[in-house]
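Secondary and tertiary structure notes
Each chain is listed here by its residues.
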Amino acid sequence: MTAAQLPPVAPEVTATLVEELSPRLRKRLDAAVTKLGARPTHRDGETVTIAVDEETDLRMHAPGGVVATADALTCGCLLAPACVHRAAAACAAPAADPAPDPAGQETPSEAASAPHADGTASESTGPAPESTTPAPYGTAPAPDSTTPAPDATVFTPPDNTSAPDVASPAQRVAADAVWSAAAAVLEAGVEGAGAVAQAALLRAAHTARLQHLPRAAGAALSVVTLLRAARAGDPSYRTPDLVTALAELLGTAHRVGTASGAELAAVRGRARRPYSPDGSLRLYGLFTEPVVTDSGHGGARTWVAGPDGRLCTVGDVAPGGVGRALGVADRAVRLGESALTHRELGRAGLAVSGATVSPDGRLGAGKGVKAVTARGAAWTEPPLAALWETPPLQQAVRALRATSRYADPDAGGSDLLFLDVELRGAVRDPGGTCLLASCDGGIAVRLAVADDDPALAHRDNLMLLATAPGTRLRIIGRLLPALHPRLALLACSHPTGEGTIDLGFDRLRRADLPVPDAPVHPAPPEPGDSGANSPLHLLERRVEQTVPAGRAALGMLGDVSAEARRLRRAGLPTAAGLLAALCASAARRERDAFGRLLPADTDGFATHWLAAARYTSAVSESLCAAAWEPRPEPAVTG
């Protein structure tokens, strides 16, 4: 049995079932979850049956696809309903997405907005002194003076002269509960954050939702999902993802009590993705990309641009994986009366009336939306040609603003870059073979595969392009934050100069490549990357090390003064102070008058860890932006 075979369970149901267990059964819960995961299941309509043993069955009734009440889980064992099996089944199942705010906090325009066009449900969300005291948690400490400041990482309070909107006492209590549950997870690490700790997070998420804090509720569910993936050995799990999710959760929980006005609105988040009326739009197709997720969803997303260069998307994503992605590309888009398929729209145009658009550019597909086919534009023609006229550095800064780990979910923006490049050949990279190219300003860019699934054309196309150094192309790629310029290659102009290539769907042939005028030589060495030798990883690895094994992993490190000195020598005194403070907090245990150990300061450690996590993210983004700065041309002598 896998989690995907079980219906989603409402967070409050899982929390209630775990809370009702006796202390003895709570100790057995993790083992029961593992044991139940090995048992066969059977689905009959809205009911899933799990064979607990040869004589006992457990049933999960999911009307509407979600187990919404504790009574919907029934077990046939002698101890039911006070048995461990019902709680174990709930913990083994996916956590259901929270319902919209019960009090209906949407604005009228949100309540009337249509589903978006991808077919998915609407969704919510100077140098610092050298000191061992972290910045207020929920914000990033200021980067050191030797590091360019990131464009948008620290939140700026709004300038409200009237009485500002502040969180209610009940919202502060809910946020404190979220903070405490997240800090307990950080204290225990993945190894110790079993079903009981996850249930505490689910209860906190439910309470946050009831108090109209959907951003905190969604972040808590993300942490639970990643914890379960880590403990189950899911190959798609990555520790940095859980680091980001935990830091987002802790930061959001704290900021509820300190934010006001517009900042508080962003911290609260939205239970539904807001779609705003946008009148009539004239759109020009750019390209279509396949969408394949780790959760088994698949589909296609087509990017279009308006006359002012604003980017929007039309998508169709649903359960089905890569097979569905390949099929959807040739289906008609879900937008008005247009009969264009996704791949056709990527090269044509649309005239839309009654349009609705979300902050991240998704086009709504409601009944009031009308769309008809119109003439498209080549990448070299107005208005699309203007996308390639912005300098690479400005594009990278804009994309970083959209891809920041802690960006406001409603901030909008795109992570795409539009570059004119000259191919230089294949280069080896820790993440696999990349295609090296150079763009304006002498910047060497690594072009990586957007998706390695062999059913898609990304890998084969990139390897074929690597055999044609000297070829000049106009490309579209997605920024991959790194200490060197790096993009996931999504689309390019055809090597012959006629038309464009959707690199996930269209397959290039060797006959499409220009005949080289000279023998192919290996790619020349790249210029040094800005920040490539930064010792920031000394702090980053300690932040990541905490997540799998908890506070104890850092408490046993001992002296880290050598690492701190190396950070200071590199011009990162704030990083040195954060490292020392983090490790000292992990090792600190106070004793009472009788010499007995007192409980660890969980909140204090979480504060130091969050400050370090946000600082490393801010500096990493700054170094990424610096890597896109134009290279000075070598001086000519003689």
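Above this text is the structure in question.
The structure displayed is predicted, hence computed values, not measured ones. (Residues numbered from 1 in each chain as written. Predicted model: local features only at pLDDT ≥ 70, side-chain atom pairs only at ≥ 80, totals over all residues. Heavy atoms only, no water.)

**Details of helix H16 (residues 561-569)**
- Turning to H16, its buried residues are Glu563, Ala564 and Leu567. The arc that holds the buried residues of H16, viewed along the axis, is 100°, so those residues lie on one side.
- Among the structural elements, helix H14 (537-549) and helix H17 (573-587) are those in contact with the buried residues of H16.
- Just downstream of H16 lies glycine 571, where phi reads positive at about 85°. (Buried < 20%, exposed > 50% of the residue type's maximum accessible area, 1.4 Å probe, protein only. Helix = DSSP H or I, 4+ residues; strand = E, 2+ residues; numbered from the N terminus. Arc of directions from axis to C-beta. Contact = heavy atoms within 4.5 Å.)

**Brief notes about H14**
- Taking 1.5 Å of rise per residue, the 13 residues of H14 would be expected to cover 18 Å, and the 19 Å separating its terminal C-alpha atoms lies within 8% of that figure.
- If you follow the buried residues of H14, they end up packed against helix H5 (169-192), helix H8 (239-258), helix H15 (551-555), H16, H17 and helix H18 (602-627).
- Glycine 550 occupies a position one or two residues after H14 and carries a positive phi of about 85°. (Expected span 1.5 Å × (residues − 1).)

**Quick word on the pairing of strand E14 (residues 486-493)**
- Extensive coverage of E14 is indicated by the burial of eight of its eight residues.
- Where strand E13 (residues 472-479) meets E14, five bridges bridge the pair, whose relative direction is antiparallel. In the strand pairing of E14, glycine 477 is matched with leucine 489.
- The loop that links E13 with its antiparallel partner E14 comprises six residues.
- Where E14 lies against strand E15 (residues 500-502), three bridges are found, and the strand directions are antiparallel. Directly across from serine 493, in E15, lies its bridge partner threonine 500. (Pairing = 2+ DSSP bridges.)

**Things to note about unusual backbone geometry**
- A cis amide bond links alanine 80 to the next residue, proline 81, at an omega of 5°.
- Among the secondary structure elements, proline 81 is positioned in the loop between strand E4 (73-75) and helix H3 (85-92).
- In this chain, proline 382 is followed by proline 383 through a cis amide linkage whose omega measures 0°.
- Along the chain, proline 383 turns up in the loop between strand E9 (370-374) and helix H12 (392-403).
- Even without being a glycine, histidine 212 presents a positive backbone phi close to 65°.

**Here we look at the packing of aromatic side chains**
- For the coordinates displayed, the defined rule picks out three aromatic pairs.
- Between tryptophan 388 and phenylalanine 418, the aromatic rings sit 5.1 Å apart at their centres with planes inclined by 75°, giving edge-to-face as the arrangement. Here tryptophan 388, found in the loop between E9 and H12, pairs with phenylalanine 418, found in strand E10 (residues 416-427); they are 30 residues apart in sequence, far enough to count as distant. As far as burial versus exposure is concerned, tryptophan 388 and phenylalanine 418 are alike and both buried. (Phe/Tyr/Trp six-rings, centres within 6.5 Å; stacked < 30°, edge-to-face > 60°.)

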